[in-house]
Amino acid sequence: MSSYDYDLFVIGAGSGGVRAGRLAAELGAKVAIAEEYRVGGTCVIRGCVPKKLLVYGSRYASAFADARGFGWSSSDLRFDWPTLIGNVHREVDRLNGIYTRTLEKAGAELHLTHAALEDNNTVRLANRDKPVRARTILIASGGHPQIPKLPGAEHFITSNECFQLEQLPESIIIVGAGYIGMEFASIFAGLGVHVTVIHRGDQVLRNFDMDLRDGVAEAMVKRGIDIRVNTEIARLDKDGAGYRLHFKSGDNIRAGLVLAATGRVPNTMALGLQKAGVDLGWNGHVVVDEFSRTSVENVYAVGDVTDRVNLTPVAIHEATAFAETVFNNTPTPVDHANIPTAVFSDPEIGTVGLSEEAAREMGHVVDIYKISFRPLKYAVAGRDEKMLMKLVVDMQSDKVLGCHVLGPDAAEIVQMAAIALKMGATKAQFDATMALHPSAGEELVTLRHKWEAPTPMAGSDAAA
Ligand SMILES: Cc1cc2nc3c(=O)[nH]c(=O)nc-3n(C[C@H](O)[C@H](O)[C@H](O)COP(=O)(O)OP(=O)(O)OC[C@H]3O[C@@H](n4cnc5c(N)ncnc54)[C@H](O)[C@@H]3O)c2cc1C
């Protein structure tokens, strides 16, 4: 008889853990999975899903404004936060139920408690006296928001608390201009909150293509968001019913709430990873190989805890590859190239492949094709906002290395373009594709002229 209670023990029932646990159980493994908060993890409970629902809610303000150009008017427009957040919670509860039932149906045993390793085969569950033993362990414990270390740090809220607010503040300061910061800036601004974004770098959305960064910042400022770059924070004080954020420059500003959107760190504390001999990297993440195997042969890790590409579809893909490798006798490495991603700010970003800057840094000689235009809908709506489409093309091979879109439906457009990039499509193949008219996406297959940097004017600094 096996000396193990389970073939697989999964720590964390988020995007990665649920997928791996379900697949392994369906492949005949005896599986247990521990979750210390709520089944579904970050994405379902306090990430992608509730965030996207808030994005939808926040965009009605501009939709109503645009509707006037199409002849619609209404004198009775009001917004009620408790209605929106209540409905979001109901949907999250529904999904939480579906995820739980999916695991149960597959035959995985669910333990709603904290789990930690005692060694590489032994798991201690916080709600049980006796530890359990498993042949294979999967760490899928995700990550959590990082809060800046400064006096008054306890006053920050994080993205987690944004989903629990009983009422909206009149104003909010968002520290950090990564994708989560920019998305919440658009959500709050759309819902009528005065938003200030504080960023220590010189432009929002580090690592995205520069045209997207400049374009989205310009549009968000135009929509009334105060974006302050090159600004370092020093201290956060309570100030009456709100908070006062002090900068290193000596200036300060006040708001009803201050949100720290300053990155996330892997959940590797209190997991007993040292006891099991699992190596951690510089950021506290679990170090894994292309099969998601850690430094210990029978211990694997997937998702945000490995800090590779921290997105839900990536965690799910890594989990699927893990189950194939370990429980279906099909070694499956994970390819992290050309992962499409979005920023659900307003305007929205969709992007896949290399930014122009990254392509050049990697030594590619590139041709740039780009167009900035006012979408048809905005012409009648009277909205003075441009959409941007950009292709980064390798000059030698004609391969499209990057596709970047800013504007309505950018995420939907780029999801499809990602298939072409994954297949190694060339610019000539984009050009040979018939346009779908009238659409915004058709611009990607009708980009005929290479973009050339404007020649500096004689007598200007740049020309000197
Ligand atoms: C605000 C926000 C918005 C996001 N938006 C998007 C988006 O639009 N698109 C996208 O692709 N990604 C988005 N993400 C990222 C996405 O949510 C994560 O990449 C994804 O959830 C990672 O899945 P995971 O399985 O690695 O971890 P998680 O989903 O975080 O699951 C880990 C689970 O492990 C549990 N756990 C941790 N330690 C233990 C323990 N010791 N014992 C028991 N249980 C434990 C946790 O409670 C958690 O439920 C967003 C994230 C945030 C925060």
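Rules of the game
Residues numbered from 1 in each chain as written. Predicted model: local features only at pLDDT ≥ 70, side-chain atom pairs only at ≥ 80, totals over all residues. Heavy atoms only, no water. Helix = DSSP H or I, 4+ residues; strand = E, 2+ residues; numbered from the N terminus. Areas by Shrake-Rupley, 256 points an atom, 1.4 Å probe, with all protein chains shown as cover. Lys, Arg positive; Asp, Glu negative; His and termini not counted. Charge placed at Lys NZ, Arg CZ, Asp CG, Glu CD. Buried < 20%, exposed > 50% of the residue type's maximum accessible area, 1.4 Å probe, protein only. Pairing = 2+ DSSP bridges. Axes fitted to C-alpha atoms, helices over the stretch in contact; angles between N-to-C directions. Expected span 1.5 Å × (residues − 1). Bend = angle between axes of the 7 residues up to and from the residue. Contact = heavy atoms within 4.5 Å. Patch = residues over 30% accessible without salt bridge, like charges linked within 9 Å, V, L, I, M, F, W, Y side chains within 5 Å. Salt bridge = Lys/Arg side-chain N within 4 Å of Asp/Glu carboxyl O. Parallel < 35°, antiparallel > 145°, perpendicular 65-115°, else oblique. Left-handed = near helix turned anticlockwise from the far one by under 90°. Nonpolar A, V, L, I, M, F, W, Y, C, P; charged D, E, K, R; others polar. Near = heavy atom within 4 Å. Polar contact = N/O pair within 3.5 Å; in protein donor to acceptor, adjacent residues only side chain to side chain.

Visitor: Please clarify how the overall build of the protein should be interpreted in this entry.
Guide: In terms of regular secondary structure, the protein is built from 13 helices and 21 strands. Across its three principal axes, the protein shows a C-alpha extent of roughly 80 × 60 × 50 Å. As displayed, the protein offers around 22,700 Å² of accessible surface, 52% of which is attributable to carbon and sulfur atoms. Both charge centroids of the protein, one from 47 positive and one from 56 negative side chains, sit 3 Å from each other.

Visitor: I keep staring at the side chain of Ser 15 and nothing clicks. Help me out?
Guide: Relative to the elements of secondary structure, Ser 15 occurs in helix H1 (residues 15-26). The exposure class of Ser 15 is buried, given its relative accessible area of 14%.

Visitor: I would appreciate a short explanation of the sheet that holds strand S12 (residues 242-247) in the present structure.
Guide: In a beta sheet, neighbouring strands pair by backbone hydrogen bonds and run either parallel or antiparallel. Ordered in space as S11-S12-S13, the 3 strands form an open sheet in which the pairing is antiparallel. Strands at the two margins of the open sheet, each flanked by one partner only, are strand S11 (233-239) and strand S13 (252-255). When strand polarity is set aside, the average angle formed by the axes of neighbouring strands in this sheet is 20°. In the sheet, S12 pairs with S13 via 4 bridges, with the strands oriented antiparallel. Among the inter-strand pairings, Arg 244 is bridged to a residue of S13, identified as Arg 254.

Visitor: What should I look at first to understand helix H3 (residues 48-67) in this one?
Guide: Residues three or four positions apart in an α-helix share a direction because the helix packs 3.6 residues into each turn. Taking 1.5 Å of rise per residue, 20 residues should cover 28 Å, and H3 covers 28 Å from first to last C-alpha, within 8% of that figure. If you look at H3, its biggest bend is around 30°, right at Tyr 60. When H3 is considered as a whole, its buried residues turn out to be Pro 50, Lys 51, Lys 52, Leu 54, Val 55, Gly 57, Ser 58, Ser 62, Asp 66 and Ala 67. If you follow the buried residues of H3, they end up packed against helix H2 (41-46), helix H4 (81-106), helix H6 (179-190) and helix H11 (376-381).

Visitor: Explanation requested: H6 in the structure shown.
Guide: For H6, with 12 residues, the first-to-last C-alpha span of 16 Å sits near the 16 Å given by 1.5 Å per residue. Those residues of H6 that fall on the buried side of the exposure criterion are Gly 181, Met 182, Glu 183, Phe 184, Ala 185, Ser 186, Ile 187 and Phe 188.

Visitor: Sorry, what's going on with a negative patch on the surface here?
Guide: Judged by side-chain charge, Asp 214, Glu 218, Glu 357 and Glu 361 come together as a negatively charged surface patch. Within the fold, Glu 357 resides in helix H10 (residues 356-361). Given a relative accessible area of 31%, Glu 357 falls into the partly exposed group.

Visitor: Explain the pairing of strand S18 (residues 349-353) here, please?
Guide: In the case of a regular strand, side chains alternate between the two sheet surfaces. Where burial is concerned, most of S18 is hidden: 4 out of the 5 residues are buried. Summarising the sheet, strand S17 (residues 341-343) and S18 pair through 3 bridges and their orientation is antiparallel. Bridging from a neighbouring strand, Val 343 pairs with Ile 349 of S18. Following S17, the chain reverses through 5 residues before pairing antiparallel with S18.

Visitor: What is the right way to read the pattern of salt bridges from this model?
Guide: Taken as a whole and assessed by the stated rule, the structure comprises 27 salt bridges. Across the salt bridge formed by Asp 211 and Lys 390, the nearest N and O atoms sit 2.6 Å from each other. Of this pair, Asp 211 sits in helix H7 (residues 210-222) while Lys 390 sits in strand S20 (residues 387-394), and the two are 179 residues apart along the sequence. Between Asp 239 and Arg 254 there is a salt bridge, with its nearest N and O atoms 3.5 Å apart. Here Asp 239, found in strand S11, pairs with Arg 254, found in strand S13; they are 15 residues apart in sequence, far enough to count as distant. One salt-bridge network, in which partners are shared between bridges, spans Asp 209, Asp 211, Glu 356, Arg 360, Lys 370 and Lys 390.

Visitor: In this structure, what is going on with the packing of H1 against H4? I would like to understand it.
Guide: Helices that pack against each other are described as a pair by the angle of their axes relative to one another and the distance between those axes. Orientation of H1 relative to H4, taken along the N-to-C sense of each, is 25°, at an axis distance of 8 Å. Classified by the angle their axes make, H1 and H4 are roughly parallel. Between H1 and H4 lies a crossing whose hand is left-handed. Contacts from Val 18, Arg 22, Ala 25 and Glu 26 in H1 reach Tyr 99, Thr 102, Leu 103 and Ala 106 in H4. Residues that form the contact of H1 with H4 fall into these classes: 5 nonpolar, 1 polar and 2 charged.

Visitor: Teacher, can you tell me more about the site of the ligand here?
Guide: Taken together, 36 residues lie around the ligand, and Gly 16, Glu 35, Thr 42, Lys 51 and Asp 304 are the ones closest in. Between the ligand and Glu 36, the relevant distance is 3.1 Å, taken from a nitrogen atom to a main-chain nitrogen or oxygen of the residue. Within the side chain of His 114, an N or O atom sits 3.2 Å from a nitrogen atom of the ligand. Isolated, the ligand exposes 1,000 Å² of accessible area, and the fraction of that covered by the protein chains is 94%. For the shell around the ligand, the element with the highest residue contribution is H2, accounting for 4 residues. Residue composition of the shell around the ligand, grouped by class: 14 nonpolar, 15 polar and 7 charged.

Visitor: Please explain the sheet that holds strand S8 (residues 171-175) as it appears in this structure.
Guide: Here 4 strands make up an open sheet; going across it, the order is S10-S9-S8-S14 and the pairing parallel. One side of each edge strand has no neighbouring strand; the edge strands of this open sheet are strand S10 (226-228) and strand S14 (257-260). Adjacent strand axes in the sheet meet at a mean angle of 15° when their direction is disregarded. As paired elements, strand S9 (residues 194-198) and S10 share 3 bridges and run parallel to each other.

Visitor: Just to check I follow, could you spell out the environment of Gly 178 for this structure?
Guide: On the secondary structure map, Gly 178 appears in the loop between S8 and H6. On the basis of relative accessibility, which here comes to 30%, the residue Gly 178 falls in the partly exposed class. In sequence terms Gly 178 and Thr 262 are 84 residues apart; their C-alpha atoms lie 7.5 Å from each other.

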